[in-house]
Each structure stands twice: as C-alpha cells, then as structure tokens.
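# Per-entry structural report
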Amino acid sequence: MNKDVIYIDVEDDITAIIGKVKDSKEKIVALVPPKRIGILQSAVNLRLLQRAASQHDKHLVLISNNSALTALAAAAKVPVAKNLQSKPELAEISALSVDDDDDIIDGSQLPVGELARIADKSALGAAALSSPELEAIKENAAEERPRATPPLAGQALKKPKAKVPNFNKFRKRMIFAIGGGVLLIGFLVWAIFFAPSATVIITARTTDSSANAKVSLADAAATSMSAGTLKTTTQQIPKSSTVDVTPTGSKQVGTKATGSMTVTRTSISSTPISVPVGTTFTSNDNHVFASTQAATLGGTTIGPNGVVQDSATISVQASDVGEDYNLSARSYQSSVSGISAQGSDMAGGTSKTITVVTNDDVQKAVAQLAQQNTDDIKKQLAAKFNDTFIVLDQTFKTDTGKPQVTPGVDQEVPAGSKASLTTTVTYSLTAVAKADVSHYLDDYFSQQIQGLGDRRVYDNGASKVTFTNVAASTTGYTVNLVATAKIGPKIDDQNVKDSAKGKRFGDIQSSIESIQGVDNVDVKFWPFWVSTAPNDTKKINVQFNLNES
C-alpha cells in the first residue's frame with residue numbers, strides 16, 4: 001500500500017492539517033511535524049485529527065521522535081514512527097508513580113478524561129497495539145519502500161508550496177455556468193410559451209363549379225366582375241432596327257438643253273400680244289421648249305416701208321433632259337397665236353439611267369423586319385413581370401414606326417450598293433395580376449352560391465385559370481376567362497380554432513368530424529413533446545385538403 005507524506009508547517013492550524021489529510025489520495029497518511037510541534041501539542045487536536053482521518057478512511061502515522069508528542073499520540077491512538085522508514089508503533093504511556101505514603105490516590109477518585117486514559121496506559125497500549133489499523137500500518141511500513149527522504153537533524157524542512165487558487169479558471173466556470181443557466185431558462189420559456197403550435201388538417205368533400213366568362217382587358221380598366229373587366233399591365237420595349245433595301249427602280253436623269261427664242265408678232269393689230277413664262281415652242285421633230293422669261297409684243301404700226309411688227313428674244317429650256325434637245329437653230333411652233341418663233345442653237349442637254357428605291361422596295365423591307373426572330377424580345381418582356389402576374393402570350397405584338405429610307409424613294413442608289421431602312425419597332429406584352437383574377441373569381445363564384453348558406457368556395461380556380469380567344473380591341477383585348485372552383489361544406493376557420501384550443505388530438509377530431517361534409521381530421525402538434533393544442537388560437541392553423549368529387 002502507498003502512503004502520502006505531509007509535512008506540517010509551523011503556521012498550519014488544525015483545520016488546515018485536517019484538510020490536507022482529507023485531500024490525500026492515499027489511505028495511509030504520514031504526518032511530519034516541525035521541530036516545534038506547535039498545534040499538535042494538544043491532545044484534543046490529535047483526537048480531532050484522528051477522528052477526521054477515521055471518518056475519511058485514512059490511517060494516520062506521526063513521524064516524530066518527540067517524546068511529548070509521542071505520549072499525546074498514544075492517548076489519541078495515533079501510531080508514531082521515528083522516521084519514514086521505521087515501523088509505526090503506538091507508544092506506551094508512562095505509568096503513574098505510586099508511593100507508599102498514605103496519600104494513596106484512589107483510582108475511583110482520579111479525574112476522568114485524559115488523565116484517566118494516561119493512568120490506564122497498559123490497557124490503552126494493548127488495545128492500540130492490537131488494533132487492526134495499527135496492524136495495517138505496520139504491514140504497510142514493512143512492505144513499502146520510502147518515497148521521501150526525511151530531513152537530517154538540524155536541516156530545515158522543505159515547506160510545501162502553497163496552492164494558489166486559479167481565479168481565471170474559476171471565472172470561466174462561473175461564466176459557463178451562468179450562461180448555461182440562462183440558455184436553459186430561455187429554452188424552457190420558449191418550449192412552454194412560444195413553441196407549441198397545432199395544425200388542424202381537414203379533408204372535406206367538394207364539387208366542381210366552372211366559370212367561362214367573356215372579359216374585357218385593358219390597362220385603364222378596373223377589375224370588376226359586374227362590369228366584366230380585368231385590369232391589365234402592359235410592358236413595352238422600343239427597339240430601333242435597320243435592314244438593307246435592294247433598289248429595283250430606274251429612271252433617266254440629266255440636264256435640260258437651254259437656248260433663246262426670238263418671237264415676232266405676225267398678226268396685224270394694235271393690240272399687244274403677251275408671251276408668258278411657260279409658253280411652249282415645238283420643233284418640227286416634236287422637241288418642246290418652254291419659255292423661262294415673259295415678253296409682250298406691241299401692236300402693229302405703219303413705218304416708212306410699210307407694216308412694222310414688234311419682236312422679242314426670250315430664254316427657253318427643253319421640256320426634258322437629254323442630248324436630243326441639243327438642236328441647231330430652227331423655227332418653232334408657239335403655243336401663243338399671232339407670233340412666230342425662231343430658236344437659237346440649243347445646248348447643255350445630257351441624260352443617264354440611274355437606280356432608285358421604289359415604294360415596293362420599302363414595303364418589302366418592312367415585311368422583312370416583321371419576320372425577324374422576336375423570341376428574345378418576348379422573353380425580355382415576360383421577365384418584366386414577377387410571379388404575381390399571369391402573362392398572356394397571345395398579346396405579344398409589334399408596332400412599327402414610320403420607316404426612314406436612305407437614299408429616299410426615287411433617289412439614286414450608287415451602283416453596287418443598297419439603300420437602308422431604319423425604323424423603331426415597339427414590342428409589347430400584356431399580363432394580368434393574379435390577385436385581380438382571384439378577386440374576379442371570388443366575386444364570380446360567390447354569386448354562384450348566393451343563397452346557399454351551407455356552401456363555401458374552397459378553391460376559386462385562380463391557380464389554373466386560362467384565357468382563350470384573345471382578340472385585340474380598341475381599348476385592349478377581349479378574352480374568355482375559364483376556371484374551375486371547388487365548392488364544399490361551409491367550415492369557418494375561426495370556429496375550428498376556437499373548438500380546438502386546449503384540446504387533445506381525439507377531442508379535436510371528434511368535434512370537427514361531426515360537421516357535415518368533413519371526411520377526415522388530422523392534427524399535427526409541434527414540437528414533438530406537445531400533445532395539446534395551445535390556448536392561443538393564433539398558434540392554431542387550419543388546412544383544408546379537398547377530397548375532390
């Protein structure tokens with residue numbers, strides 16, 4: 001058996017020594033007192049020490065050769081060993097000296113307590129020497145090797161290092177303990193007052209009721225079942241597009257020949273003759289020139305040589321382009337009567353054939369724009385609506401603005417090149433809000449079951465509504481709205497909650513299944529340790545499963 005050696009400091013009091021004995025992990029504890037035995041000079045302290053050791057199943061041995069201490073130890077039944085290697089023994093108590101005088105002390109008159117025990121030294125010694133604890137200590141001393149070397153005579157004992165409490169560790173443990181306590185309290189509050197909830201799931205029989213209504217859709221309209229209108233939202237994306245235009249037209253272009261025309265009055269009259277701008281002069285080969293200058297010929301006069309006629313020379317221009325009008329001087333037939341016309345050499349007429357854009361070319365280009373792939377545009381428009389809308393694909397349309405053609409219609413397009421057509425195309429897509437559809441259907445089916453107090457619309461069919469026969473109108477579109485509603489027995493949610501609060505599963509089930517039209521009732525409690533519906537109806541949910549007919 002191992003033993004624990006405890007060196008007692010002169011400053012240790014009996015409480016500290018008892019504490020060290022208690023803290024020892026060995027059954028045999030050897031106490032090594034200092035030279036000045038101090039606190040152990042009291043038999044009472046030794047008994048306290050021995051009793052404490054016995055209560056904690058320890059066997060005490062005093063390591064000392066101090067005779068006084070040995071005697072006190074014997075009285076307290078504490079074995080003593082001279083050193084750590086010697087066997088512990090219970091010291092004998094010196095017998096009281098008895099003289100032969102008359103003042104013999106009657107044993108019955110001896111004081112009780114310590115002196116009585118000292119007087120009975122033989123009995124105490126025998127008892128102590130025969131005690132099982134002493135036998136165990138002796139046996140242990142004989143078997144074990146010493147673990148510490150006792151101090152030599154006059155050598156100071158090594159003082160054990162005083163244990164300094166670790167306050168940081170203590171503080172951490174305190175923090176963890178407090179935190180754990182707070183979490184535990186919080187969990188209990190949550191588990192008892194906030195977590196419990198119940199969901200009552202009712203399966204009810206329903207019948208179908210269909211709606212097929214013609215509805216007008218318009219952005220400016222308000223949703224109204226009575227008016228048969230649904231408000232819509234239209235998204236637009238304007239996009240500028242350019243396509244090439246292949247010109248197919250041609251025409252002659254060039255310059256017109258010019259010259260002068262001398263007009264002479266031929267009719268005899270005193271009345272002047274006016275030759276306005278635009279007066280035409282036609283040659284014998286049908287080349288026509290027109291005056292670009294006006295003239296007035298005066299009346300006929302009589303001169304020395306007879307009749308005198310007035311004349312004037314005016315500028316003329318060919319009626320068409322081309323070299324054919326570059327004519328030599330010759331006479332012309334005037335569109336003004338009473339005059340003759342003599343033209344000068346005409347010059348400057350040129351001509352060539354050019355390629356031009358025609359109106360047909362423009363129409364073909366616009367049709368080409370309309371045939372462009374618009375799938376990406378349609379996706380972009382649909383992305384402008386969130387999940388709260390129902391997009392009507394049939395309302396996708398394109399509006400083409402006034403096209404701009406370069407070069408313009410009837411304008412020359414250089415050889416080897418093409419004209420271009422640019423226009424702005426506005427793409428649009430219309431959708432209707434699901435909330436508006438649901439509102440419309442609520443009103444529609446409420447009207448259908450009007451007067452049937454025991455019926456209720458469980459599903460108005462808005463989630464599966466369809467729009468057919470979409471057609472454009474002056475304000476938007478007209479459509480056929482088709483939906484199927486689920487109508488069943490009237491069960492009020494709040495009544496269900498009120499009847500379920502504070503009840504267990506079976507009670508809830510029996511109270512609700514008695515309602516006509518209810519096929520099945522199930523109750524889900526949460527968390528798992530909850531078995532009763534909360535008393536707060538806000539923590540009770542009601543779900544309906546439709547057992548469709």
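Quantities reported herein were computed from a predicted structural model and do not represent experimental measurements. (Residues numbered from 1 in each chain as written. Predicted model: local features only at pLDDT ≥ 70, side-chain atom pairs only at ≥ 80, totals over all residues. Heavy atoms only, no water.)

Scanning the protein from N- to C-terminus turns up 12 helices and 26 strands. When burial is assessed residue by residue, the protein has 35% of its 549 residues classed as buried. Summarising the internal contacts of the protein: among those between residues at least 6 apart in sequence, 73% fall at separations of at least 24. (Helix = DSSP H or I, 4+ residues; strand = E, 2+ residues; numbered from the N terminus. Buried < 20%, exposed > 50% of the residue type's maximum accessible area, 1.4 Å probe, protein only. Contact = heavy atoms within 4.5 Å.)

Our next topic: the confidence of the model for the protein. Averaged over every residue, the pLDDT of the protein is 84; residues scoring 70 or more account for 86%. Per-residue pLDDT stays below 50 along residues 96-105; that stretch engages in four contacts with residues further than four places along the chain or on separate chains. Between residues 110-129, whose pLDDT stays under 50, and residues either more than four places distant or in other chains, the model counts 27 contacts. (pLDDT = per-residue confidence, 0-100.)

This part takes up the packing of aromatic side chains. Evaluated as defined, the whole model comprises 11 aromatic pairs. Plain terms: the ring middles of F187 and W190 are 5.9 Å apart, the flat faces sit at 40 degrees to each other, and that makes the pair tilted. Residue F187 and its partner W190 are both found in helix 7 (residues 167-194); the two are separated by three residues, about one turn of the helix. Using a relative accessible area of 41% as the deciding quantity, one classes F187 as partly exposed. Between F396 and Y427 the ring centres are 6.2 Å apart and the planes differ by 15 degrees, which places this aromatic pair in the stacked class. In this pair, F396 sits in strand 19 (residues 389-400) while Y427 sits in strand 21 (residues 419-433), placing the two residues 31 residues apart along the sequence. (Phe/Tyr/Trp six-rings, centres within 6.5 Å; stacked < 30°, edge-to-face > 60°.)

Time to look at helix 7. Taking 1.5 Å of rise per residue, 28 residues should cover 40 Å, and helix 7 covers 39 Å from first to last C-alpha, within 8% of that figure. Counting buried positions along helix 7 gives one out of 28 residues, so the element sits mostly on the surface. (Expected span 1.5 Å × (residues − 1).)

The subject of this paragraph is the sheet that holds strand 3 (residues 59-63). On the basis of which strands lie adjacent, the open sheet formed by four strands has the order 1-2-3-4 and parallel pairing. Among the strands making up the open sheet, the edge pair consists of strand 1 (3-7) and strand 4 (80-81). (Pairing = 2+ DSSP bridges.)

Our next topic: the sheet that holds strand 16 (residues 330-334). Within a sheet, adjacent strands bond to each other through the backbone by hydrogen bonds, running parallel or antiparallel. Taken in spatial order, the six strands of this closed barrel run 8-15-11-10-16-17, and their pairing is antiparallel. In this sheet, neighbouring strand axes are inclined to one another by 40 degrees on average, regardless of whether the strands run parallel or antiparallel. Direction of pairing for strand 8 (residues 256-265) relative to strand 17 (residues 339-343): antiparallel, over a ladder of five bridges. From the neighbouring strand, T262 faces strand 17, where its bridge partner is Q342. (Axes fitted to C-alpha atoms, helices over the stretch in contact; angles between N-to-C directions.)

A word on the nonpolar core. Side chains of a nonpolar character, in soluble globular proteins, are inclined to be buried together. Ranked by size, the top nonpolar core spans 22 residues in total, and within it V215, L230, V437, Y440, L441, F467 and L481 carry the most contacts. At the level of secondary structure, the elements contributing two or more residues to this core comprise strand 5 (197-218), strand 19, helix 10 (434-448) and strand 24 (477-489). (Core = buried A, V, L, I, M, F, W, Y, C linked by side-chain atoms within 4.5 Å.)

Moving on to the pattern of salt bridges. In total, this model carries eight salt bridges according to the counting rule given. In this structure, the salt-bridge partner of D12 is K20, at a minimum N-O distance of 2.8 Å. Residue classification places D12 among the buried residues on the basis of a relative accessible area of 14%. Its salt-bridge partner being D285, residue R330 comes within 3.5 Å of it at the nearest N-O pair. With R330 in strand 16 and D285 in the loop between strand 10 (280-282) and strand 11 (288-291), this residue pair connects regions lying 45 residues apart in the sequence. Given the relative accessible area of 36%, D285 is considered partly exposed. (Salt bridge = Lys/Arg side-chain N within 4 Å of Asp/Glu carboxyl O.)

Here we come to helix 8 (residues 359-370). For helix 8, built from 12 residues, the straight-helix expectation of 16 Å at 1.5 Å per residue is met to within 8% by its first-to-last C-alpha distance of 17 Å. Looking at helix 8, one finds that the buried residues are D361, V362, A365 and L369. Viewed end-on, helix 8 has its buried residues packed into an arc of 100 degrees, placing them on one side of the element. What points out from helix 8, more than 90 degrees from its buried face, is the exposed set N359, D360, Q363, K364 and A370. On its buried side, helix 8 packs onto strand 6 (229-245), strand 7 (249-253), strand 18 (352-356), strand 20 (404-406) and strand 21. (Arc of directions from axis to C-beta.)

For the peptide bond that leads from T406 to P407, omega is -15 degrees, which places it in the cis range. Mapped onto the secondary structure, P407 falls in the loop between strand 20 and strand 21. Residue W526 is joined to P527 through a cis peptide bond whose omega torsion reads -5 degrees. For D57, which is not a glycine, the phi torsion comes out positive at approximately 60 degrees. Take D57: its relative accessible area is 45%, and that puts it in the partly exposed class. The phi angle at K77 is positive, at roughly 60 degrees, despite the residue not being glycine. Position of K77 among the secondary structure elements: in the loop between helix 3 (67-75) and strand 4.

Right, let's get into the pairing of strand 3. Counting buried positions along strand 3 gives five out of five residues, so the element sits mostly inside the fold. Burial along strand 3 is two-sided: the residues H59, V61 and I63 and L60 and L62 are all buried. Pairing of strand 2 (residues 28-32) with strand 3, which is carried by four bridges, proceeds in the parallel orientation. Among the inter-strand pairings, V29 is bridged to a residue of strand 3, identified as L60. Bridge analysis of strand 3 against strand 4 gives two bridges, and the strand direction is parallel. When the bridges of strand 4 are listed, I63 appears paired with A81. Crossover handedness for the path strand 3 to helix 3 to strand 4: right-handed. (Right-handed = clockwise from strand over helix to strand, strands pointing away.)

What follows is about the pairing of strand 21. With 12 of 15 residues buried, strand 21 lies mostly within the body of the structure. One ladder, built from eight bridges, connects strand 19 with strand 21; its direction is antiparallel. For L392, the partnering residue across the bridge sits in strand 21 and is T430. Across three bridges, strand 20 lies against strand 21 in antiparallel orientation. Bridge pairing in strand 21 links Q404 to T422.

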